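Each chain, written out:
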Amino acid sequence: MAVKYGADLEVVWLAAMLHDIARLEDLEPHDEIGSEKAYKILIERRFNLELAKEVSSTILTHRCKKYAPETLEQKIIATADAMAHFIPPFYFWIGKYSNKSFEEVLEKNRNKLERDFNEKIFFEEERKLVAIHYEILKKWFGFQI
Ligand SMILES: [Fe+2]
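Residues numbered from 1 in each chain as written. Predicted model: local features only at pLDDT ≥ 70, side-chain atom pairs only at ≥ 80, totals over all residues.

A. Looking closely at the environment of G142. Its place among the elements puts G142 in the segment after α8 (124–140). Look at G142 and you get exposed, because 12 C-beta atoms sit within 10 Å. Spatially, the C-alpha atoms of G142 and R110 are 8.1 Å apart, while their sequence positions differ by 32 residues. (Helix = DSSP H or I, 4+ residues; strand = E, 2+ residues; numbered from the N terminus. Buried ≥ 20, exposed ≤ 12 C-beta atoms within 10 Å, placed from the backbone.)

Laid out in C-alpha cells, this is it:
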C-alpha cells in the first residue's frame, strides 16, 4: 500500500515494525504507550527527529480509537492492521487468550469485526480484498444475516 499510494516508505515500514511494541510487555493502551516507546527507541538510535515523530504519530493512530488517522501513512498502517485481522486465526486467537466465555468472545469479535471492516480500512480496494473473509467471519460469529 505504501508503494501503491505513494506514502513515505520509511515511516510506513518503521511504524509497521513497531506499532505493537507495547504489547511485548502487555502494556495498555498499547497505541499510546507504543507510540512513546517507538519514539524513544528511534531517537536513541539516532533516527531523524521528524521521522521519529511521524512514526510515533502513526503508531498512536493505528487502532482508530482515541486518535483518528489523518495522514496517508497513518491510514495505511490502520488499514494494514485491520486487514491483518482477517487472516485466520486472529479472531479465534482473541478467544484463546482471553478469560471470557464463548458467548462473550463472539460478542467481542462481532464488534471488532464490524469496526475493523467499516472504520479502520481507509481504501476501497483493500476493503474488497478482505470482503469475503468479512462475510465468512460474520457467519462464524453468529451475525443475523
Ligand atoms: Fe495494535
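B. Looking closely at the packing of helix α2 (residues 9–18) against helix α5 (residues 72–84). As a packed pair, α2 and α5 sit with axes 10 Å apart at the nearest point and diverge in direction by 35°. The interaxial crossing formed by α2 with α5 has right-handed handedness. Together, V11, V12, A15 and A16 of α2 and E73, I76, I77 and A80 of α5 make up the contact between the two elements. (Axes fitted to C-alpha atoms, helices over the stretch in contact; angles between N-to-C directions. Left-handed = near helix turned anticlockwise from the far one by under 90°. Contact = placed C-beta atoms within 7 Å.)

C. Here's a closer look at the nonpolar core. Membership of the largest hydrophobic core comes to 27 residues, with the highest contact counts inside it found for V12, A15, L18, A38, V55, I59 and I77. Broken down by secondary-structure element, the contributors of at least two residues to this core are α2, α3 (30–44), α4 (49–60), α5, α7 (102–119) and α8. No other element matches the six residues that α2 contributes to this core. When we break this core down by domain, the ones giving at least three residues each are domain 1 (1–70) and domain 2 (85–145). Apart from residues no more than four positions distant in its own chain, A38 is found in contact with L18, I21, V55, S56 and I59. (Core = buried A, V, L, I, M, F, W, Y, C linked by C-beta atoms within 7 Å. Domains from an automatic or database assignment.)

D. Structural view of the domain arrangement of the protein. Under the domain assignment, the protein is made up of domain 1 (1–70) and domain 2 (85–145). Domain 1 and domain 2 are separated by 24 Å when their C-alpha centres are compared.

E. The arrangement of unusual backbone geometry in detail. E28 connects to P29 through a cis peptide bond whose omega is 0°. A cis geometry characterises the amide bond from P88 onward to P89, with omega recorded as 10°. Here P89 lies in the loop between α5 and α6 (90–96). Here the phi dihedral of R46 falls at roughly 65°; this positive angle occurs in a residue that is not glycine. Considering the arrangement of structural elements, one finds R46 in the loop between α3 and α4. Look at C64: it is not a glycine, yet its phi comes out positive at around 60°. Relative to the elements of secondary structure, C64 occurs in the loop between α4 and α5.

F. The environment of H30, seen in detail. Looking at where H30 falls in the secondary structure, it is placed in helix α3. In this structure the C-alpha to C-alpha distance between H30 and H19, which are eleven residues apart in sequence, comes to 8.5 Å. Not counting chain neighbours up to four residues away, the residues in contact with H30 comprise D20, A22 and R23.

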